[in-house]
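Residues per chain, in single letters:
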Amino acid sequence: MTITALPTRTRRPSLETRVDGSSALAPKRAIAPAAQPAARAPQIRPVPDGTEARGFVLYVGLGEDAAASDHIELARLVGELRALTSRLAPSAETHAAVALAPAGAGGRDVDVVRRALQDPAVQQPVVDTDPGIVIDLTRKRVAIGDEIAALTYREFELLQHIVLREGSTVGRCAIIDALWDADDENRPNERTIDVHVRRLRSKLGDYAEIIRTVRGAGYRFDRHADVTVLATGPSPDRF
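In what follows, the accompanying structure is described. Since this is a predicted model, take the numbers as computed values, not measurements. (Residues numbered from 1 in each chain as written. Predicted model: local features only at pLDDT ≥ 70, side-chain atom pairs only at ≥ 80, totals over all residues. Heavy atoms only, no water.)

So, on to the overall build of the protein chain. When you go through the protein chain residue by residue, the secondary structure sums to six helices and seven strands. The linear arrangement of helices and strands in the protein chain, starting from the amino end, is α-α-α-β-β-β-α-β-α-α-β-β-β. Looking at the protein chain residue by residue over its 239 residues, the buried ones come to 23%. For the protein chain, contacts bridging at least 24 residues in sequence account for 48% of all contacts bridging at least 6. (Helix = DSSP H or I, 4+ residues; strand = E, 2+ residues; numbered from the N terminus. Buried < 20%, exposed > 50% of the residue type's maximum accessible area, 1.4 Å probe, protein only. Contact = heavy atoms within 4.5 Å.)

Ordered by their spatial adjacency, three strands build an open sheet running S4-S6-S5, and the pairing between neighbours is antiparallel. The open sheet has two free edges, formed respectively by strand S4 (169–170) and strand S5 (211–214), since each of these has just one partner strand. By the bridge criterion, two bridges tie S4 to strand S6 (residues 218–221) in an arrangement that is antiparallel. Residue pairing across strands places threonine 169 opposite arginine 220, the latter belonging to S6. The strands touched by helix H4 (residues 153–163) are S4, S5 and S6; relative to S6, the strand with the most contacts, the crossing angle is about 70°. (Pairing = 2+ DSSP bridges. Axes fitted to C-alpha atoms, helices over the stretch in contact; angles between N-to-C directions.)

Ile135, Val142, Leu159, Ile175, Ile210, Ile211 and Phe221 are the most contacted members of the largest nonpolar core, which totals 28 residues. Mapped onto this core, the elements with two or more residues apiece are strand S1 (133–136), H4, helix H5 (172–179), helix H6 (190–204), S6 and strand S7 (227–230). Here the element with the most residues in this core is H4; it accounts for five residues. Not counting chain neighbours up to four residues away, the residues in contact with isoleucine 135 comprise Arg141, Val142, Leu159, Val163, Ile210, Val227, Thr228, Val229 and Leu230. (Core = buried A, V, L, I, M, F, W, Y, C linked by side-chain atoms within 4.5 Å.)

Below, the discussion takes up H6. Taking 1.5 Å per residue as the helical rise, H6 with its 15 residues ought to reach 21 Å, and the 21 Å between its terminal C-alpha atoms agrees with that figure. Looking at H6, one finds that the buried residues are Ile193, His196, Val197, Leu200 and Leu204. Summarising the axial view, the buried residues of H6 lie within an arc of 100°, below the 170-degree limit, and thus occupy one face. Across H6 from its buried face, at more than 90 degrees, point the exposed residues Arg191, Arg198 and Ser202. Here the buried face of H6 lies against S1, strand S2 (141–144), H4, H5, S5 and S6. Where H6 begins, the side chain of asparagine 189 points an oxygen toward the backbone nitrogen of arginine 191, at a separation of 3.2 Å. Downstream of H6 by one or two residues, glycine 205 has phi in the positive range, about 60°. (Expected span 1.5 Å × (residues − 1). Arc of directions from axis to C-beta. Polar contact = N/O pair within 3.5 Å; in protein donor to acceptor, adjacent residues only side chain to side chain.)

The structure is reproduced here in structure tokens:
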């Protein structure tokens, strides 16, 4: 016996088909006991056919300085993540690996981790043509690639003050005392300094992280491989 599939339009009322199944253009037909589901669109699989997902990798970028400013050790963070995984998925197995890089290598922590652990999604560039960011203290300007960052005078002074104290944490009160006179009616408070730093970072684009927050203390600049500081000589502002 050959079974011929009915056209989709006969499975539900339409202009041609009445609720009882009869049609002005066709003889009465018995209503099918159960409507067949419409054809589904192809599903996008997270993995190719013939393979199956066995787990995932979470890359965490957190350098030693950043961990110290967050008041947490990497070993503790790993332990907390493992405990969370065990609670949510008791059948899961975990393995942790620490990514090591030469001191002062620069770059974003998470990118360094992905390359060090050979993330296949990260392509190693053959030649690094990115000029990075150039902080020119002599000409008082910041170049990001081929573009000049639109910093205000105050924003550049703030950046310069922190950059000149490379490797040291600069407190908010110290910034206020250095950049504003004691009798200045526009002298800001510590919270306002956070606003100034936030605006400065927004103009640094992908390099916003060169100004790091040290929780409860202030701000810090550490030299990176993609950051160049230009000056004609030692600055009187450096200590």
